[in-house]
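Here's the letter readout for the chains.
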Amino acid sequence: MEVPARIVWVGSSKRDLTSFPSPVRIVIGHGLYVAQLGELPEKAKPLKGFKGAGVVEIMDDHDGDTYRAVYTVRFRSYVFVLHVFQKKSKTGVATPKRDMELIRKRLADAEVLFRELSHKETRSA
């Protein structure tokens, strides 16, 4: 059996997820586990605006609200959870600009974290 990729929570993503309703946490948690196994979760799709970066969003609706978790599998052996949020806008399906900017920043942060984690693994091997 293949070892699941490690989850790395970037910024406030884990704390934000814990504030979601239980059914949403279950859907997103299961989706992230599927991503750890190297597969695309059922309620997931590539996030527009990140060509080739392996940035994916899991979406779930609950009581009329939409919840999203954005992660990347760009870095081998890791799933970096970049942003978890409730979509506030009731118009349109596009991810709000503020959230897209935060995702871009956290993707850059994830790249730095990945280099640090890889360096530690190399030194301890």
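Our subject is the structure that appears above.
Residues numbered from 1 in each chain as written. Predicted model: local features only at pLDDT ≥ 70, side-chain atom pairs only at ≥ 80, totals over all residues. Heavy atoms only, no water.

### Description of the pattern of salt bridges
Step number 1: According to the stated counting rule, one finds five salt bridges in the structure shown.
Step number 2: For Lys105, the salt bridge identified is with Asp109, shortest N-O distance 2.8 Å. Of this pair, Lys105 and Asp109 are both found in helix H3 (residues 97-124), four residues apart, which corresponds to roughly one turn of the helix.
Step number 3: Given the relative accessible area of 28%, Asp109 is considered partly exposed.
Step number 4: Among the salt bridges present, the one from Glu111 reaches Arg115, with a minimum N-O distance of 3.9 Å. Of this pair, Glu111 and Arg115 both sit in helix H3, four residues apart, which is roughly one turn of the helix. (Salt bridge = Lys/Arg side-chain N within 4 Å of Asp/Glu carboxyl O. Helix = DSSP H or I, 4+ residues; strand = E, 2+ residues; numbered from the N terminus. Buried < 20%, exposed > 50% of the residue type's maximum accessible area, 1.4 Å probe, protein only.)

### A look at the sheet that holds strand E1 (residues 6-9)
Note: strands within a sheet are paired through backbone hydrogen bonds, in either parallel or antiparallel orientation.
Step number 1: Read from one edge to the other, the open sheet built from five strands follows the order E1-E5-E4-E3-E2, with strand pairing classed as mixed. Each edge of the open sheet is held by one strand with a lone partner, namely E1 and strand E2 (44-46). Ignoring which end each strand starts from, the neighbouring axes of this sheet average 30 degrees apart.
Step number 2: Examined bridge by bridge, E2 and strand E3 (residues 55-62) share three bridges and lie antiparallel to one another. By the bridge assignment for E3, Lys45 is matched with Glu57.
Step number 3: Taken strand by strand, helix H2 (residues 22-36) contacts E1, E3, strand E4 (65-72) and strand E5 (78-87), and its axis lies near 155 degrees from that of E3. (Pairing = 2+ DSSP bridges. Axes fitted to C-alpha atoms, helices over the stretch in contact; angles between N-to-C directions. Contact = heavy atoms within 4.5 Å.)

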